[in-house]
Amino acid sequence: MNNMKWKKLCQGSLTRKFMLFWIVGLLSIAASHGWAGNSESQTLKTVEIEGISINTPLEMIADILQARDYIQIKESLYTKQEYADKGRSTISRVEIDDNPAFRQITYYRGMSGGRNKSPTSRDAPIPDSDIGMAQQLYHLVCMDIAEELQNARACDPLTATDIRFGRGQWIQIDDHFSAILTASDTNATIGIRFARN
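Residues numbered from 1 in each chain as written. Predicted model: local features only at pLDDT ≥ 70, side-chain atom pairs only at ≥ 80, totals over all residues. Heavy atoms only, no water.

Before going further, it helps to spend a moment on the nonpolar core. Leu 137 and Phe 165 are the most contacted members of the largest nonpolar core, which totals 36 residues. Mapped by element, the contributors of at least two residues to this core are α3 (58-67), β3 (88-98), β4 (102-113), α4 (128-142), β5 (163-165), β7 (177-183) and β8 (188-195). Per-element accounting of this core gives the leading share, eight residues, to α4. (Core = buried A, V, L, I, M, F, W, Y, C linked by side-chain atoms within 4.5 Å. Buried < 20%, exposed > 50% of the residue type's maximum accessible area, 1.4 Å probe, protein only. Helix = DSSP H or I, 4+ residues; strand = E, 2+ residues; numbered from the N terminus.)

Put into structure tokens, the structure is as follows:
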């Protein structure tokens, strides 16, 4: 009787060890192939640019942007204009490019018009409408990473008047995500691209 118990106990122990070894092996393979998911990428999927993320269904985009006073110009282009001081206007534009290869959301803001063409103050803060988007993307791309990666991504120091990385160009974050960020008081470009391949 004791001999039978001993055999069953040994067989159970070997089965548990095999299962544990098999699970650890699967997790290692998943991590090496990126199946487990990069937390930076997972968070980039949820970053909102004017209320829209890479995950936002296409059929919801028009309603979200129209609720923010955007007017649809084309299927993939929305604009809004707000009056500023000295006869100037702030023009904001959101473009959504959705095709089989990638999905991209890009926000642009700039100034136009005005009788006085003198430049605005260089120490003026980034508008409240942009600061949250810019800081969120900057923190994901440039904070809590190695200094070498910060340098590779050209992360400029974060200030209330200037937030940027990549020297105004799109930079590759990982195999699927790219981003662009430059924001000041007079203009901004904030974008995320997700490659489906």
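This next bit is on the packing of aromatic side chains. Following the criterion strictly, the structure yields one aromatic pair and no others. The lysine or arginine in question, Arg 93, covers the ring of Tyr 108, its NZ or CZ lying 4.2 Å from the ring centre. In this arrangement the basic side chain of Arg 193 is found over the ring face of Phe 102, its NZ or CZ atom lying 5.7 Å from the centre. (Phe/Tyr/Trp six-rings, centres within 6.5 Å; stacked < 30°, edge-to-face > 60°. Lys NZ or Arg CZ within 6 Å of the ring centre and 35° of its normal.)

Both strand β2 (residues 77-83) and β3 contribute to a ladder of seven bridges, which runs antiparallel. Following the sheet pairing, Thr 79 is matched in β3 by Arg 93. Note that β3 and β4 share eleven bridges and pair antiparallel. If you follow Ile 91 over to β4, its bridge partner there is Gly 110. The turn linking β3 back onto β4 is made up of three residues. (Pairing = 2+ DSSP bridges.)

Our next topic: the pairing of strand β1 (residues 71-74). Consecutive residues of a regular strand have side chains that alternate between opposite faces of the sheet. In this structure, β1 lies alongside β2, joined through three bridges in antiparallel fashion. Among the inter-strand pairings, Ile 71 is bridged to a residue of β2, identified as Thr 79. In this antiparallel pair of consecutive strands, β1 and β2, the connection spans two residues.

Following the criterion strictly, the structure yields eight salt bridges and no others. One salt bridge in this structure joins Arg 196 and Asp 98, with 2.9 Å as the shortest N-O distance. Of the two residues, Arg 196 is situated in the segment after β8 and Asp 98 in strand β3; the sequence distance between them amounts to 98 residues. Exposure remark for Asp 98: the relative accessible area of 31% places this residue in the partly exposed category. Measuring nitrogen to oxygen at the nearest pair gives 3.9 Å for the salt bridge that ties Asp 156 to Arg 164. Among the residues examined, Asp 156 registers a relative accessible area of 29% and is labelled partly exposed. Within this structure, Asp 98, Arg 103 and Arg 196 form a network of salt bridges that share partners. (Salt bridge = Lys/Arg side-chain N within 4 Å of Asp/Glu carboxyl O.)

Across the chain, the average pLDDT comes to 82, with 75% of residues at or above 70. Low confidence marks residues 14-37, where pLDDT is under 50. Its contacts with residues over four positions away, or in another chain, come to four contacts. (pLDDT = per-residue confidence, 0-100. Contact = heavy atoms within 4.5 Å.)

A word on the environment of Val 94. Here Val 94 lies in strand β3. For Val 94, a relative accessible area of 0% gives the class buried. Apart from the residues within four sequence positions on either side, Val 94 is in contact with Glu 50, Leu 65, Tyr 70, Ser 76, Leu 77, Tyr 78, Ile 105, Thr 106 and Tyr 107.

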